[in-house]
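The primary structure of each chain is shown beneath.
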Amino acid sequence: MTPFPWHRPALERLLADRARMPHALLVHGPEGIGKQEFARALANGMLCESPRDGLACGACSACHWFSQGNHPDYREIVPEAAMEDEVPEGEAEAPKAEKAKSLVIKIDQVRAVADFVALSTHRAGYRVLVVHPAEAMNPGAANALLKTLEEPPPATLIVLVSDRPARLLPTIRSRCRILALPLPPREAALAWLREQGVGAPEAALAAAGGAPLAARDQSQADEAELQRRLLAELAKPTGADALTFAATVDRESVERFIHWMQTWVHDLARVRLAGEPRHHGHLAQPLRARAKAADLDALFAFDRELAEARALAAHPLNPRLLAEHLLMSYNRITSGNRP
Ligand SMILES: [Zn+2]
């Protein structure tokens, strides 16, 4: 796996000195900077059979197994609630009684890896165990892990990942080499957010206190919410409530607002021409209804207006007025009363 760019220096330092790799490492730092991914990249680097500049090569069989999630010398312990759901083949999802999943790491989970830690490794190299988040271990689990930390098996690296290391048993902390990962440099975080397609990355990063993964997740949630609200508005048989909706459009969201309007208008035009919607198939019914009342030439003209507005969106004089104007034009075009 490719590490986040801001983690490379710390990874390279650790992996350059494999001979002095500790038995246990406690990785901590602010939430949302990718500590779990750091632990995985470190594990990948330790297990790689032909590392390049210390980091995982991504091409050997060990790297291949690792990326598939089945390297025999790698284990992760996470709370049940953080595990990806696996529905066994042929079994329907619904009947399973909805049981609240555990947020803690239980003693059984630590015991279950006892053999993994005690027996010899499959590939005659290192073995790596990642525990995340380490503060989720209940007292039984923590004590079971402490036994392993007190008598560390050879060629074994245990990585504990934690947002809140103060919640760990002091006896556990004292057995680990401590590695504090800081917030990434602002420029690196912004470059990564741009790569992820996050609109208004500066605002997103600031809102997340400088943590890029948190910024991405929040912006995706905001984006999904904006899209949902806007499409519901455009789908209304009576037309959009232009004034109320426009009041929620600001400098950060105006460009995305126009983008989602464009996708809707494209779908309207396709449906009007007896095609299938490309973007919003789940709204085919309201699209058909709105398309019926729309004038095709006016739709194309409006599409050009949207493209022009989007080009200006980086510095619109007033995002609210722009949104109002566009929604009112949309209402006019789709109301059947053509000028
Ligand atoms: Zn490799």
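Structure's up top.
Read on for an overview of the structure. Since the model is a prediction, treat every value here as computed from it, not as a measurement.

1. Notes on the packing of aromatic side chains
Enumeration over the complete set of coordinates arrives at five aromatic pairs. Where Trp6 meets Trp192, the ring centres are 5.5 Å apart and the plane angle is 85 degrees; that geometry is what we call edge-to-face. Remark: Trp192 occurs in helix α8 (residues 186–195) and Trp6 occurs in the segment before α1 (8–16); sequence separation between them is 186 residues. Side by side, Trp6 and Trp192 carry an identical accessibility label, which is buried.

2. Concerning the coordination of the zinc ion
Taken together, Cys48 (SG), Cys57 (SG), Cys60 (SG) and Cys63 (SG) make up the full set of protein donors to the zinc ion, lying 2.3 to 2.4 Å away. Read N to C, the donor residues that coordinate the zinc ion are spaced as C-x8-C-x2-C-x2-C. Here Cys48 and Cys57 have matching classes, each one buried.

3. Concerning the nonpolar core
Counting residues in each nonpolar core, the largest one holds 36 residues, and the members touching the most others are Phe257, Ile258, Met261, Trp264, Leu326 and Leu327. When neighbours within four sequence positions are excluded, Leu327 is seen to be in contact with Leu230, Leu234, Ala240, Ala242, Phe245, Ala246, Phe257 and Met261.

4. Let's talk about the environment of Pro5
Among the secondary structure elements, Pro5 is positioned in the segment before α1. The spatial distance from the C-alpha of Pro5 to the C-alpha of Lys101 is 34 Å, given a sequence separation of 96 residues.

5. A short note on helix α12 (residues 254–272)
In an α-helix, one turn spans 3.6 residues; hence positions three or four apart end up facing the same way. Taking 1.5 Å as the rise per residue, α12 with 19 residues should run 27 Å; its terminal C-alpha atoms sit 27 Å apart, in good agreement. Trailing α12 by a residue or two, Ala274 shows a phi angle of about 65 degrees, which is positive.

What counts and how
- Residues numbered from 1 in each chain as written.
- Predicted model: local features only at pLDDT ≥ 70, side-chain atom pairs only at ≥ 80, totals over all residues.
- Heavy atoms only, no water.
- Phe/Tyr/Trp six-rings, centres within 6.5 Å; stacked < 30°, edge-to-face > 60°.
- Helix = DSSP H or I, 4+ residues; strand = E, 2+ residues; numbered from the N terminus.
- Buried < 20%, exposed > 50% of the residue type's maximum accessible area, 1.4 Å probe, protein only.
- Donors = N, O, S within 2.8 Å, 3.2 Å for Na, K, Ca; no water.
- Core = buried A, V, L, I, M, F, W, Y, C linked by side-chain atoms within 4.5 Å.
- Contact = heavy atoms within 4.5 Å.
- Expected span 1.5 Å × (residues − 1).

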